Amino acid sequence: MHKIFIAASAATIMVVFFYVSYILRISLRRDYSRLLTAFLLTIPLSPATNYSVKALLDELIKLIISNQSGIYQLITMTYAPLISEPIKLLPLLLPFLYLRINRENFVSFGMALGVGFGVGEIWLNAFRSSQIPSESYLPIGYVLLGYISEWLMVCLLHGAFTSLALWKLRRRLGWGLAAAMGLHLLAQLPRNLFNLNIGGINRQILRFYMPFHLILFFVLMVLLLTYLRAGKRGLRQIFSGAKIECPECKTSYKRSYWMTHLSTRATEECPHCGAQNTIDFKKKP
Ligand SMILES: [Zn+2]
């Protein structure tokens, strides 16, 4: 088996493990089956649009302008944001999904749709990379670590963009979608500038900066998801910790950020009486 497919399998397992457990942890049980449907339905969308909508659009544009021109390069930069953001919402054409989304659970659905789409993209990307002979000389450890860390970040980005699109689903879907496309474009900017290769742009610096840009965006999108789910209060609590009242001794204590948002543990110890209090992640902190 080509090593890129081993890396893609590993990345898929990690993405599913982290994000599916995150989605289940913040979601109500009654939404589970719908979230799973949304997740599964978006998996084939990235490869499907790539070989249909995107390919067709590309042919049409090539008829009008030469594929050597700068304008063509500029237009191709917008393919991914303009096509993938609306495509990720395609499963919402099913009323039993669309009607269930509300102000309380839209982040769960945004993450399910975005992460599912990301998983499809992992495999599309792996398939394409397997066609490039030079990549097969890279050592397996390098491919594996690079692939896993990159796709863990990219899949969260997809989930955050789609959550933003769903924020005002019934009143301002257009604006949400536009904002998601804008963020998507910004996330890809250094890579696009690198590919454009306009005179004056230092490609060495761009190549060096690209991974940092992804990490920066990852952090920003974690903050965005926190804001979308728990508002300004949620953002404040990242730094100050949420105030919790112990059900045993009734005194209040501050929960650390790690317990509130990232831990996989479901209990925490009260600093006053030592009671093991269970954390309900479904309640916003
Ligand atoms: Zn206590």
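Being a predicted model, the structure only gives us computed values, none of them experimental.

K.L.:
Which residues make up the overall build of the protein, and what values do they have?
P.N.:
Of regular secondary structure, the protein possesses eleven helices and four strands. Structurally, the protein occupies a C-alpha span of about 70 × 45 × 40 Å along its principal axes. Evaluated residue by residue, the protein yields a buried proportion of 29% over its 285 residues. Sequence-distant contacts, at least 24 apart, represent 71% of the contacts inside the protein between residues at least 6 apart.

K.L.:
Which residues make up the domain arrangement of the protein, and what values go with them?
P.N.:
By the assigned domains, the protein splits into domain 1 (3–239) and domain 2 (241–278). Once you take the C-alpha centre of each, domain 1 and domain 2 turn out to be 34 Å apart.

K.L.:
So, the environment of K282: which residues are in play, and what are the values?
P.N.:
Checked against the element boundaries, K282 lands in the segment after β4 (276–278). Placed 35 residues apart in sequence, K282 and P247 show a C-alpha to C-alpha distance of 17 Å. Each residue touching K282, except ones within four places of it in the same chain, is listed here: I26, S27 and L28.

K.L.:
Before we move on, could you go through the environment of A48 and cite the residues and values that matter?
P.N.:
Within the secondary structure, A48 sits in helix α3 (residues 45–64). Measuring from C-alpha to C-alpha, the distance between A48 and V20 comes to 23 Å, with 28 residues separating the pair along the chain.

K.L.:
If you had to explain the pairing of strand β2 (residues 252–255) to someone new, which residues and values would you point to?
P.N.:
Remark: a regular strand shows side chains that alternate across the two faces of the sheet. In this sheet, β2 lies alongside strand β1 (residues 242–245) in antiparallel orientation, the contact comprising four bridges. Along β2, the bridge assignment pairs I244 with Y253. Hairpin connection from β1 to β2: six residues lie between these consecutive antiparallel strands, with K250 at a positive phi of about 65 degrees.

K.L.:
So what's going on with the packing of helix α9 (residues 173–196) against helix α10 (residues 203–240)? Which residues, and what values?
P.N.:
At a minimum axis separation of 8 Å, α9 and α10 run at an interaxial angle of 165 degrees. Accordingly, the angle class assigned to the pair α9 and α10 is roughly antiparallel. In this structure, α9 meets α10 at a crossing whose hand is left-handed. Note on element contacts: α10 touches α9 through R203, L206, R207, Y209, M210, H213 and F217, opposite A187, P190, R191, L193 and F194.

K.L.:
Outline α3, supporting the account with residue identities and numerical values.
P.N.:
Under the 1.5 Å per step criterion, the end-to-end length of α3 is 27 Å for 20 residues, consistent within 8% with the ideal 28 Å. Remark: the principal bend of α3, roughly 30 degrees, maps to Y51. Taken as a whole, α3 has its buried residues at L45, S46, T49 and N50. In this fold, the buried residues of α3 make contact with α2 (32–42), α5 (79–87) and α7 (106–130).

K.L.:
Outline the nonpolar core, listing residues and values.
P.N.:
Counting 49 residues, the largest nonpolar core has A38, A112, V115, L157, A160 and L164 as the members making the most contacts within it. At the level of elements, α1 (3–26), α2, α7, α8 (140–166), α9 and α10 are the ones that each hand at least two residues to this core. It is α8 that contributes the most residues to this core, twelve residues altogether.

K.L.:
How would you sum up unusual backbone geometry? Please name residues and give values.
P.N.:
Even without glycine at this site, K250 takes up a positive phi of about 65 degrees. Within the element layout of this structure, K250 appears in the loop between β1 and β2. K250 gets classed as exposed once you count the C-beta atoms within 10 Å, which come to 9.

K.L.:
Give a description of the packing of α8 against α9 that names residues and reports values.
P.N.:
Viewed as axis vectors pointing N to C, α8 and α9 meet at an angle of 155 degrees, and their least axial separation amounts to 7 Å. Taken together, the axis directions place α8 and α9 in an arrangement best described as roughly antiparallel. Considering how the two elements wind past one another, α8 and α9 form a crossing that is right-handed. Between α8 and α9, the contacting residues are L157, F161, T162, L164, A165 and L166 on the first element and G176, L177, A179, A180, L183, H184 and A187 on the second. Taken together, the residues of the contact of α8 with α9 sort by class into ten nonpolar, three polar and no charged.

Analysis parameters
- Residues numbered from 1 in each chain as written.
- Predicted model: local features only at pLDDT ≥ 70, side-chain atom pairs only at ≥ 80, totals over all residues.
- Helix = DSSP H or I, 4+ residues; strand = E, 2+ residues; numbered from the N terminus.
- Buried ≥ 20, exposed ≤ 12 C-beta atoms within 10 Å, placed from the backbone.
- Contact = placed C-beta atoms within 7 Å.
- Domains from an automatic or database assignment.
- Pairing = 2+ DSSP bridges.
- Axes fitted to C-alpha atoms, helices over the stretch in contact; angles between N-to-C directions.
- Parallel < 35°, antiparallel > 145°, perpendicular 65-115°, else oblique.
- Left-handed = near helix turned anticlockwise from the far one by under 90°.
- Expected span 1.5 Å × (residues − 1).
- Bend = angle between axes of the 7 residues up to and from the residue.
- Core = buried A, V, L, I, M, F, W, Y, C linked by C-beta atoms within 7 Å.
- Nonpolar A, V, L, I, M, F, W, Y, C, P; charged D, E, K, R; others polar.

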